[in-house]
Amino acid sequence: MDLRYHHLLSIALLLAGCTGRAPGGGAGAGGSSRETVTVKGSDTMILLGQRLAEDFMKAHPELTVQVTGGGSGTGIAALINGTTDIANASRPMKESERLQVQKRRGLQVVQTPVALDGIAIFVHESSPVRELSIPQLKRIYLGEVSNWRELGGPDLPMVLYGRENSSGTYAYFKERVLDEEDFAPEMQTLPGTAAVVNAVSQDRKAIGFGGIAFGRGIRDVAVKADDAAEPVLPTEDNVVSGRYPISRPLFMYTAGEPTGDVKSFIDYALSPVGQQVAAKVGYYPLPRPASATGDDRLDSLPDAGPAPTQDAPAEVHQP
Amino acid sequence: MDHSGLGPPTPSQPGPPVGLAAPLRPVSRATAGRKRVDAIAKWVIAAVAFSAIAAVVLIFAFVVREALPLFFSPEVREEVTPESMLFAQAWKEGSVPSYSWQPVSVVPKYSLAPLLVGTFKVTLIALLFAVPLAVLAAVYSAEFAPRKVREVLKPAIELLAGVPSVVLGFFALIVLATFLQNVFGFTYRLNGVVAGMALGLAIIPVVYTVSEDALVAVPRSYREAALALGASRARTAWSVVLPAASPGIFAAIVLGFGRAMGETMIVLMASGNAAVLSWNLTSSVRTIPATIAAEMGEVVVGGAHWSVLFFLGALLFAVTLTFNTVGSWYVARVRRKLGGMTE
């Protein structure tokens, strides 16, 4: 009988010890130790982030840079929670997310473009389809095209591959190509562009999209901005000049102006050496304007997100 | 009965009452000390044991707490309510009501139907694949195999339980999907059948072990009686032993079902993750655990999507807990019943 009281007492003590929510958001402006720079977010940028981190750590042996993926959304959520110094994102931050950072961490978001990326459209090597227009891509990914025949291809059902909804690539493609309409429910969602490429390379009926850096073993499709335009392949010239219609800057976001080690890392990414790393990994370096003023640079980038003059309080980091 | 000083000794207790507070009969200091240590030790061990249960309760409580805004918060309810998750909704003004899972969208859509159907389909395929294999393996192992073979077979099948689910998922994605595509020519390379088969591989050990225990627990007298009446071994196994062990085999299936429902990595990698509402087994599926795993990373803390994912988690937790509890209870009952018979 009394033993039962003991049991109840033990359980009550355990439960009492677990009341309340742990303080969300971690420490104030810091979040992580000064010696480790944490970078989280975009899976598209993970190769770039890791390569930059390796080279940076070789140059600065006393510092550690920790790079993880999970999707642009994950990185931004971590920035809001204060569990990362830098959020890698392959899409611009939404207004609601900027407000969240302001609310939770009391700091303005600083947006730094670090490289350019194109979203390539992949089809199987054997596919005869060489070019597609953006309106066609929209119809395909809305699920309105059920057979390759309709596009001049073989008589095979169309199978769509894409990314999970936590991905910046997903969000950017939805915004740029689908005009914010929903993807077809039949689209197979895979956890990374590498998985998409792997799937497309094994399936003759497949079409997929993803960052250019991963395109090996499959055929890139030349994209036309609309039915009348010239088809453009996702090569370096085309992406940097803005001719390739589905290209975007890759961002590193920080809460507040980057300082200390975080600033060193971002400066490294923007330096000529860092930009070379971007090129080696398969992305494209930022365009170098003839006169390097901040506004010119911003305007020359495709889809760079809200401009500083609008009410969205974004600043662009000047190298 | 024991007392350790909380309250006076009860008068209904026979014999000298033992206690630290106001003993009715003096006890030696040494005895009192030993009894105190005894009592404290019992407390500590009981607390530790109950902390395991407390962990389960706390996990469930935390998950449910994060899902509560679905029921109580006006901002969240503007975007999604449990009713909108269950019934077909007209997502745009004047459009036909449909079931759609598109949480990241201008108009977020949170229908549970595609996820529930997907989870059910994949679990069903897993059971259809695994149960015949595992039960027949158990029958062979319990009834026909020579002891030496059985001693190798049982650990070998249980070795399958040691394969990490991510490895099974990877195997399904790279090898199994291509193989099935070549043999059957499915439209979708990653579909419910691929994921279901890989899931079946994951639950074979569970179903096998419990079935085999149930078969072995059937008393020898049953078999001896059947053989004495002229039945062959196969006939005995099929008509006598298997029916006698059927409660245990049912329990094995229930445990397998619980395991298959909650398995995440395999379905995340091999099922295509397309939230399609269809009873066609060869279409891609999106299951509840894969949804939680794939989407949790992006979600903003405390929003509608966050609450929905926790609601899914609580649902999954409740269902698998129920199945596993029922299965385990049944297994225990079967063991008790057959173990106690001595005829």
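Just so you know, these numbers come straight off a predicted model, no measurement behind them.

Caption draft 1: Quick peek at the overall build of chain B. Assigned secondary structure in chain B consists of 13 helices and two strands. Taking 343 residues into account, the globule formula puts the C-alpha radius of gyration at 20 Å, and chain B, at 27 Å, lies well above it. In terms of overall dimensions, chain B has a C-alpha envelope of 85 × 70 × 30 Å along the principal axes. Buried positions account for 38% of the 343 residues belonging to chain B. Within chain B, residue pairs in contact and separated by at least 24 positions form 72% of the contacts whose partners lie at least 6 positions apart.

Caption draft 2: Representation of the packing of helix α8 (residues 192-216) of chain B against helix α10 (residues 233-262) of chain B in the model. Residues and elements named next belong to chain B. Here α8 crosses α10 at 150°, and the two axes come no closer than 8 Å. One element, α8, and the other, α10, form an angle in the roughly antiparallel class. In the packing of α8 onto α10, the handedness of the crossing is right-handed. Residue-level contacts link L199, I203, V206, V207, V210, S211, D213, A214 and L215 of α8 to V241, A245, G248, I249, A251, A252, I253, L255, G256, R259 and A260 of α10. Counted by class, the contact of α8 with α10 contains 15 nonpolar, three polar and two charged residues.

Caption draft 3: Focus on the domain arrangement of chain B. Residue and element names in this part refer to chain B. In terms of domain boundaries, chain B breaks down into domain 1 (1-67) and domain 2 (109-340). Of note, the centres of domain 1 and domain 2, computed from C-alpha atoms alone, are 42 Å apart. Taken residue by residue, the interface counts five residues in domain 1 and seven residues in domain 2. By residue class, the composition of the side of domain 1 that touches domain 2 is four nonpolar, no polar and one charged.

Caption draft 4: Quick look at the pairing of strand β3 (residues 86-89) of chain A. All names here are of chain A. On β3, burial covers both faces: I86 and N88 on one face and A87 and A89 on the other are all buried. Note: strand β1 (residues 36-41) against β3, three bridges, orientation parallel. Bridge pairing in β3 places V39 opposite I86.

Caption draft 5: Expanded view of the nonpolar core. All names here are of chain B. Core analysis: the biggest nonpolar cluster contains 160 residues, and A172, A198, V207, I266 and A270 have the highest contact counts within it. Among the elements that line this core, the one with the most residues is α8, at 16 residues. Residues in contact with A172, not counting those within four places in the same chain, are A177, V194, A195, A198, I266, M269 and A270.

Caption draft 6: Spotlight on the domain arrangement of chain A. Residues and elements named next belong to chain A. As assigned here, chain A comprises domain 1 (36-117 + 248-316) and domain 2 (118-241). Each partner contributes residues to the interface: domain 1 has 19 residues there, and domain 2 has 15 residues. Listing elements by their share of the side of domain 1 that touches domain 2, those giving two or more residues are α3 (72-81) and β4 (109-123). Sorting elements by how many residues they give to the side of domain 1 that touches domain 2 places α3 first, with three residues. When grouped by side-chain class, the residues that make up the side of domain 1 that touches domain 2 number seven nonpolar, eight polar and four charged.

Caption draft 7: Inspection of helix α12 (residues 288-295) of chain B at higher detail. Judged by how many residues are buried, α12 of chain B sits mostly within the fold: six of eight residues are covered. Inspection of α12 of chain B places I288, P289, A290, T291, A294 and E295 of chain B among the buried residues, and these make up the whole buried set.

Rules behind the numbers
Residues numbered from 1 in each chain as written. Chains lettered and ligands numbered in written order. Predicted model: local features only at pLDDT ≥ 70, side-chain atom pairs only at ≥ 80, totals over all residues. Helix = DSSP H or I, 4+ residues; strand = E, 2+ residues; numbered from the N terminus. Rg over C-alpha atoms; globule rule 2.2 N^0.38 Å. Buried ≥ 20, exposed ≤ 12 C-beta atoms within 10 Å, placed from the backbone. Contact = placed C-beta atoms within 7 Å. Axes fitted to C-alpha atoms, helices over the stretch in contact; angles between N-to-C directions. Parallel < 35°, antiparallel > 145°, perpendicular 65-115°, else oblique. Left-handed = near helix turned anticlockwise from the far one by under 90°. Nonpolar A, V, L, I, M, F, W, Y, C, P; charged D, E, K, R; others polar. Domains from an automatic or database assignment. Pairing = 2+ DSSP bridges. Core = buried A, V, L, I, M, F, W, Y, C linked by C-beta atoms within 7 Å.

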